[in-house]
Amino acid sequence: MERCLSGDDTAWEQLVRVHTRRVYGLCYRFTGSDSESQDLTQEVFLRIFRTLKSFRSAEGSFTTWLARLTRNLLIDHYRRTRQERVTDSIEEQLPMLEESAAVSARPERMLAGREASVVLQAALQKLSPDLREAVILRDLQEMEYREIAQVLKIPEGTVKSRLNRGRAELTRVLRKQKLAI
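Calculation rules
- Residues numbered from 1 in each chain as written.
- Predicted model: local features only at pLDDT ≥ 70, side-chain atom pairs only at ≥ 80, totals over all residues.
- Heavy atoms only, no water.
- Helix = DSSP H or I, 4+ residues; strand = E, 2+ residues; numbered from the N terminus.
- Buried < 20%, exposed > 50% of the residue type's maximum accessible area, 1.4 Å probe, protein only.
- Areas by Shrake-Rupley, 256 points an atom, 1.4 Å probe, with all protein chains shown as cover.
- Contact = heavy atoms within 4.5 Å.
- Salt bridge = Lys/Arg side-chain N within 4 Å of Asp/Glu carboxyl O.
- Core = buried A, V, L, I, M, F, W, Y, C linked by side-chain atoms within 4.5 Å.
- Axes fitted to C-alpha atoms, helices over the stretch in contact; angles between N-to-C directions.
- Parallel < 35°, antiparallel > 145°, perpendicular 65-115°, else oblique.
- Left-handed = near helix turned anticlockwise from the far one by under 90°.
- Nonpolar A, V, L, I, M, F, W, Y, C, P; charged D, E, K, R; others polar.
- Lys, Arg positive; Asp, Glu negative; His and termini not counted.
- pLDDT = per-residue confidence, 0-100.

Peer 1: Give a description of the overall build of the protein chain that names residues and reports values.
Peer 2: Secondary structure summary: the protein chain contains 10 helices and 0 strands in total. Across the protein chain, helices and strands are ordered from the amino to the carboxyl terminus as α-α-α-α-α-α-α-α-α-α. Residue burial in the protein chain is summarised as follows: out of 181 residues, 38% are buried. Accessible surface, the protein chain: about 11,100 Å² in total, of which carbon and sulfur atoms supply 51%.

Peer 1: Before we move on, can you summarise helix α9 (residues 145-152) with the specific residues and values?
Peer 2: Those residues of α9 not exposed but buried are Glu 147, Ile 148, Ala 149, Val 151 and Leu 152. Elements in contact with the buried residues of α9: α4 (62-81), α8 (129-140) and α10 (156-176). Directly beyond the C-terminal end of α9, a positive phi value near 60° is found at Lys 153.

Peer 1: Would you mind going over the pattern of salt bridges in detail, with residue names and values included?
Peer 2: Enumeration according to the criterion identifies 5 salt bridges in this entry. A salt bridge links Asp 130 to Arg 162, with the nearest nitrogen and oxygen atoms 3.9 Å apart. With Asp 130 in helix α8 and Arg 162 in helix α10, the pair connects residues that are 32 residues apart, well separated along the chain. Of the residues examined, Arg 162 reaches a relative accessible area of 16% and is grouped as buried.

Peer 1: Tell me about the environment of Lys 160, and please be specific about residues and values.
Peer 2: Here Lys 160 shows up in helix α10. Classification of Lys 160 by relative accessible area gives partly exposed; the value is 42%. Between the C-alpha atoms of Lys 160 and Ala 149, which are 11 residues apart in sequence, the distance is 9.3 Å.

Peer 1: Give me the lowdown on the nonpolar core, citing residues and values where you can.
Peer 2: The biggest cluster of nonpolar side chains holds 39 residues, and the ones touching the most others in it are Trp 12, Val 44, Ile 48, Leu 137 and Leu 170. Elements represented by at least two residues in this core include exactly α2 (9-31), α3 (34-51), α4, α7 (107-125), α8, α9 and α10.

Peer 1: Please set out the packing of α4 against α9 residue by residue, giving values where relevant.
Peer 2: It is the contact of α4 with α9, at a shortest axis distance of 8 Å, that shows an interaxial angle of 45°. Relative to α9, the element α4 is oriented oblique. In the crossing of α4 with α9, the sense of the turn from one axis to the other is right-handed. Where α4 approaches α9, its residues Thr 63, Thr 64, Ala 67, Arg 68 and Arg 71 are matched on the opposing element by Glu 147, Gln 150, Val 151 and Leu 152. Per-class residue counts for the contact of α4 with α9 are 3 nonpolar, 3 polar and 3 charged.

Peer 1: Please provide a residue-by-residue account of the side chain of Arg 132, values included.
Peer 2: Relative to the helices and strands, Arg 132 resides in helix α8. Buried charged residue Arg 132 carries no salt bridge. Nearest counter-charge: Glu 133, at 8.4 Å. When sequence neighbours within four positions are dropped, the list of residues in contact with Arg 132 reads Arg 29, Phe 30, Leu 124, Gln 125 and Leu 127.

Peer 1: Lay out the confidence of the model for the protein chain in plain terms, naming residues and giving numbers.
Peer 2: When pLDDT is averaged across the protein chain, the result is 77; 80% of the residues are at 70 or more. Considering each helix and strand of the protein chain separately, the mean pLDDT is smallest for helix α5 (residues 90-93), with a value of 34, and largest for α3, with 90. Note on residues 83-111: pLDDT is under 50 here. Beyond four places in sequence and across chains, it has 27 contacts.

Here it is, written out as structure tokens:
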């Protein structure tokens, strides 16, 4: 971060490279659309570039700041597009696969992983935004309760409550689709 603040272009490129996958994943889990997620990921990094000087390491880690900024952008996006939501084609909903997994996985395992990902994405979309947010940040982004509380600006107890309710609702939705967890 210090190198970025001092204008080091290679540091900025490294920061973008290291965090792009995480930001894209967060955007994808909320939108379910590859193209929207790519656009939102670019918008997040533009916003970071513009507000880099406002980052205060004493107030939390960079990843927490990044997640909060991404969340705020997703909320703005959700409000803007609430009226115009349309279901994307199934091809656009397939997530990016890890390169190493693609090399080592057998084709039938890759297909099963894609199908499970599509089903999970559809189930996540049925959760309320508050519950979906908690589940994604904890279970998919692997953030700590404390970090989630900072990002969402809510108490840790509320994070745990939303996570518990979100997991229960997600289980119910998946079981309804006859997929035991």
